[in-house]
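Summary of the model geometry
One letter stands for each residue in the lines below.
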Amino acid sequence: MQKIKSLMTRQGLRSPQESVHDLGPIESFRIPSKEELRELREEPTDPQVQQEIINSIEEVYFSNDSFDIVKYELEKLPPVLSLQELEEYRDKLKQQQAAVSKKVADLILEKQPAYVKELERVTSLQTGLQLAAVICTDGRRHLNIAKEGFTQASLGLLANQRKRQLLVGLLKSLRTIKTLQRTDVRLSEMLETAMDQLHMHFTQAIHNTVFQVVLGYVELCAGNTDTKFQKLQYKDLCTHITSDSYIPCLADLCKALWEVMLSYYQTMQWHETRDQDEAETVSSVSDGSNVTGTEENSFDRSYVKKKLEHGLSRIWQDVQLKVKTYLLGTDLSNFKYDDFIFVLDIISRLMQVGEEFCGSKSEVLQESIRKQSVNYFKTYHRTRLEELRMFLENETWELCPVKSSFSILQLHEFKFMEQSRSPSVSPSKQPASAISTAATLFEQYCSGGNPFEIQANSKDDETEDVLASNGYESDEQEKSAYQEYDSDSDVPEELKRDYVDEQTGDAPVKSVSRETLRSRKRSDYNLNKVNAPILTNTTLNVVRLVGKYMQMMNILKPIAFDVIHFMSQLFDYYLYAVYTFFGRNDMPIQSSSLSTSNREQHSARQFESTGLGLSSSRLRTTLNRIQESLIDLEVSTDPTGTLTAAEERKEKVPSPHLSHLVVLTSGNSLYGLAERVVATESLVFLAEQFEFLQPHLDAVMPAAKKPFLQQFYSQTVSTASELRKPVYWIVAAKAIDYEQMLLLMATVKWDVKEIMSQHNIYVDALLKEFEEYNRRLNEVSKRVRIPLPVSNILWEHCIRLANRTLVEGYANVKKCSNEGRALMQLDFQQFLMKLEKLTDIRPIPDKEFVETYIKAYYLTENDMERWIKEHREYSTKQLTNLVNVCLGSHINKKARQKLLAAIDDIDRPKR
């Protein structure tokens, strides 16, 4: 492109702009000749076409005079040039140029008469200017003559007179300035008196205002015109406020104090606005000649500003003291919860006002409301614990039907959490404390209104209904909830058969049969029932209480630790109640084959031998802690008891008692399994809700108290699921007649001489017990869903107890041969094979416990001694019997004494 342009330059070609610039002013704007105009007019043109050609010209051509057309067109050239395209484009440009020239010519011809007329006016103006120049010259000559002959001689006297008058005026001004200087000193003194008077007036206004507000309510409630109240001090007057008038009076008190503070705030705003206006005025007209006056004004403004700012904290301190006196003048411990929350909300709003007014943290208000809150909350919590005890003692542990989508955030008490984390909540539904921080309260209510004109928050009518009509999401699901799985058309044929490997002759470890597949489908006894949370009405009440506690904690964070401590006691008491009702093995059982005492003794032995029914050490520690710190076990009648002991007992709650409507002794209901499931799983549900709330509690807990919260969660909340084992162990220990199995085993002859092919009848009796147990579990599951973890624990306990009973029965054998031991193995394998069809638990619990004991019969002396030392899970009786039965077969008397001594050594540390 540069080469082309340089070539054009050498050839004398120039851009249109360069051509225009080189022309003279007359040439560049000359009127086209008549011949040119005639040629342009003679060309046959269509105005519309010409206008379209002009409109097609690029805007850049009309941009500015410095635009280089040649450079622009050269830059637009494509990399590969085509002569035909260039000629076509050149013709297009020529058309555009012609259209423009035609348009210019038309415009020139249109404006030519006006041009000629204007040229005549210019010529006339030039003639007039020449005449004016002559007149000005003559005027200046005449002025010079007047100056010399009149001004210098005659007006000199007038100038001196004027100067004298100015000096007289200056003297008068100096005298005025002297007076003003003396006045300024006096005004400064009076201004500093004036500021103190202003503060005093505001202080007096605060006192008079609060006194009149409280006096009005006291006299109104007193119902007479007695003037004795007017003579009381404000502190004494506050004690006469009744509970009914407490909140309206507090609201009016805060409204009145707000008006006083708003007046002070507006006073400061007026001074700031005035100072800004004066500063702008001075800066706009200042010429540096009045620097001293500006500095003095600035000093005065600064002085007033400091005085007013200093008065902010004094005014707010007076407000705090007045409200504190009012707060502490009435005992709020008997207020309703919503009323007390409303009081907290008003004080919270007042503290927000104080922070915006003077940046104060309102320590006086915080301390006073903290005292009232702790006092109120202790009384409130004590009442709630008593109510919880009443609920627990009247609870029948029936399932509270809730929707499967139930969440505690759907409850009204937890709406504040959802609003605080959701930015889409409309301002009308936001709490008073959630008003946008973009504008302060003073800015919002400066022109009218009052921040304390708020009503107690009513319950949200839009709170979602969390209850389900019948515990199911739909009738169709309810109908299908108990459908049996009899159809096995979708099961492959090879999976329906029990088979034996033809190559090895061994039976498979796990034979997949029709019964097994059916049992797998209903292993958690839920039968497609909707997995809605398992909870009771009492659980729901506890959750709502927790929400109320968190509301108070959210409004008043200084008592967060006290609230969380009381909240933990709700969970502690619920946990202790569930354990007391369902976790203790102290219920009598009716049995046709054994007396109650024998059955209980055997259950106790099995309980101790398995160790699984016992509570974990962590759970026992938690229960002991709750009992010592929270449970009032008995009423003290000791007249010498100290006051401290009485106060400690006042903080405790009596141990709850199970409702007489709950029956846990019936075998048909599996000893209250449905109630046990509802109680225990509702506790697990409650623990899950506490886990969900942990981040919120941790956020408001003081740093010094956070170890308490961590300990509560790690040692109490997390132990809720551990309560399942002792609760469900009681059902497992009583649901199957283990003692009857021991009696049947005692009738078996074990010193047989030949290997038997048929198992003993005690195995069938035990399996029949398990089948009946399975049936009753299915019946219970029609009342309440049995979750899979519960089902697994129930089966695990029963199987472990059965296996421990088998070992106990084998340990009662007096004589046994090798064939007898083989018969034991046959019996146990038959038991396992049938048991695996009833349950999905794999591996079978304590399977090795039985097999290892049976196989130990074949050990030699040295191997048995080592085996005894390694297997301390067996009782002394079981080990001793094993040695005695082996005597004479492959162990002599000397070896027997040695082995018994080894057993005694193992048992000695236990004593």
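Model, not experiment: these values are computed from the prediction.

This brings us to the overall build of the protein chain. Secondary structure assignment for the protein chain yields 32 helices and two strands. Out of the 911 residues in the protein chain, the part that is buried amounts to 38%. Of the roughly 52,300 Å² of accessible surface on the protein chain, 52% is carried by carbon and sulfur atoms.

Here we come to the packing of aromatic side chains. The tally for this structure, following the rule as stated, stands at 35 aromatic pairs. Centre to centre, the rings of Y853 and Y874 are 5.4 Å apart; their planes meet at 40°, and the pair counts as tilted. Note that Y853 is positioned in helix 29 (residues 847–855) and Y874 in the loop between helix 30 (861–870) and helix 31 (876–886), a separation of 21 residues in sequence. The two residues Y853 and Y874 agree in class, both being buried. Site record: aromatic cluster; members linked through ring pairs are Y337, F340, Y376, F377, Y380, Y549 and F566. The ring of F561 carries the charged tip of K705 above its face, separated from the ring centre by 4.5 Å.

The grouping of L167, L170, L174 and I177 at the surface amounts to a nonpolar patch, some 390 Å² of accessible area in total. As for its placement among the helices and strands, L167 is situated in helix 7 (residues 83–222).

This part takes up the packing of helix 12 (residues 363–394) against helix 17 (residues 537–555). Where helix 12 meets helix 17, the axes come as close as 11 Å, and the angle between the chain directions of the two elements is 170°. With respect to each other, helix 12 and helix 17 are oriented roughly antiparallel. Contact with helix 12, carried on its side by Y376, F377, Y380, H381, R384, L388, F391 and L392, involves T538, N541, V542, L545, K548, Y549 and M552 of helix 17 and no other residues of that element. By residue class, the composition of the contact of helix 12 with helix 17 is 10 nonpolar, three polar and two charged.

Two numbers describe a pair of packed helices, the interaxial angle and the distance between the axes. Between helix 18 (residues 560–582) and helix 22 (residues 673–700), the least distance of the axes is 11 Å, while the angle of their chain directions is 165°. Here helix 18 is positioned roughly antiparallel relative to helix 22, judged by the angle of their axes. The chirality of how helix 18 crosses helix 22 is left-handed. Residues A560, I564, M567, F571, Y574, L575, V578 and F582 of helix 18 lie in contact with helix 22, whose contacting residues are E675, R676, A679, T680, S682, L683, L686, A687, F690, L697 and V700. Residues that form the contact of helix 18 with helix 22 fall into these classes: 15 nonpolar, two polar and two charged.

All right, on to helix 26 (residues 761–781) then. Here helix 26 is 21 residues long and its end C-alpha atoms lie 30 Å apart, about the 30 Å a rise of 1.5 Å per residue gives. Here helix 26 has its buried residues at Y762, V763, L766, L767, F770, Y773, N774, R776, L777, N778, V780 and S781. In the core, the buried residues of helix 26 are packed alongside helix 22, helix 24 (724–735), helix 25 (738–746), helix 27 (788–811) and helix 28 (818–835).

Take unusual backbone geometry next. A cis amide bond, omega -5°, links R842 with the succeeding residue P843. Here P843 is to be found in the loop between helix 28 and helix 29. The residue S362 is not glycine, and still its phi comes out positive at about 55°. Relative to the helices and strands, S362 is located in the loop between helix 11 (337–358) and helix 12. Within the chain, W397 stands out as a residue other than glycine whose phi angle is a positive 60°. Looking at where W397 falls in the secondary structure, it is placed in the loop between helix 12 and helix 13 (415–421).

Attention now goes to the confidence of the model for the protein chain. Do not read the predicted coordinates in detail wherever pLDDT is low. The pLDDT averaged across the protein chain works out to 77; a share of 75% of its residues lies at or above 70. Throughout residues 11–30 the model reports pLDDT below 50, and contacts reaching past four residues in sequence, or to other chains, amount to 13 contacts. Across residues 421–437, confidence stays below pLDDT 50; counting only partners more than four residues off in sequence or on other chains, it has 13 contacts.

Within the largest apolar cluster, 203 residues are counted, with the highest numbers of intra-cluster contacts made by F770 and F831. In contact with F770, not counting residues within four places along its chain, are I736, W795, C798, I799, A802, F831, L835 and L838.

Okay, the environment of E769 next. Within the secondary structure, E769 is located in helix 26. By relative accessible area, E769 is classed as partly exposed at 27%. Between the C-alpha atoms of E769 and M741, which are 28 residues apart in sequence, the distance is 9.8 Å. Leaving out residues up to four positions away in the same chain, E769 has contacts with A735, I736 and D737. In terms of polar contacts, E769 uses its side chain to reach the backbone amide nitrogen of D737, at 3.2 Å.

Applying the stated rule across the entire model yields 29 salt bridges. K76 is paired through a salt bridge with E58; the nearest N and O atoms lie 2.5 Å apart. Of this pair, K76 sits in the loop between helix 6 (69–75) and helix 7 while E58 sits in the loop between helix 5 (47–55) and helix 6, and the two are 18 residues apart along the sequence. Residue K76 is classed as partly exposed on the basis of its relative accessible area, which comes to 35%. Relative accessible area serves as the criterion here: at 28%, E58 is assigned to the partly exposed category. Ionic pairing is found between E386 and R382, a salt bridge with its closest N-O pair at 3.0 Å. Within this pair, E386 and its partner R382 are both found in helix 12, separated by four residues, close to a single helical turn.

Quick notes on the rules
Residues numbered from 1 in each chain as written. Predicted model: local features only at pLDDT ≥ 70, side-chain atom pairs only at ≥ 80, totals over all residues. Heavy atoms only, no water. Helix = DSSP H or I, 4+ residues; strand = E, 2+ residues; numbered from the N terminus. Buried < 20%, exposed > 50% of the residue type's maximum accessible area, 1.4 Å probe, protein only. Areas by Shrake-Rupley, 256 points an atom, 1.4 Å probe, with all protein chains shown as cover. Phe/Tyr/Trp six-rings, centres within 6.5 Å; stacked < 30°, edge-to-face > 60°. Lys NZ or Arg CZ within 6 Å of the ring centre and 35° of its normal. Patch = residues over 30% accessible without salt bridge, like charges linked within 9 Å, V, L, I, M, F, W, Y side chains within 5 Å. Salt bridge = Lys/Arg side-chain N within 4 Å of Asp/Glu carboxyl O. Axes fitted to C-alpha atoms, helices over the stretch in contact; angles between N-to-C directions. Parallel < 35°, antiparallel > 145°, perpendicular 65-115°, else oblique. Contact = heavy atoms within 4.5 Å. Nonpolar A, V, L, I, M, F, W, Y, C, P; charged D, E, K, R; others polar. Left-handed = near helix turned anticlockwise from the far one by under 90°. Expected span 1.5 Å × (residues − 1). pLDDT = per-residue confidence, 0-100. Core = buried A, V, L, I, M, F, W, Y, C linked by side-chain atoms within 4.5 Å. Polar contact = N/O pair within 3.5 Å; in protein donor to acceptor, adjacent residues only side chain to side chain.

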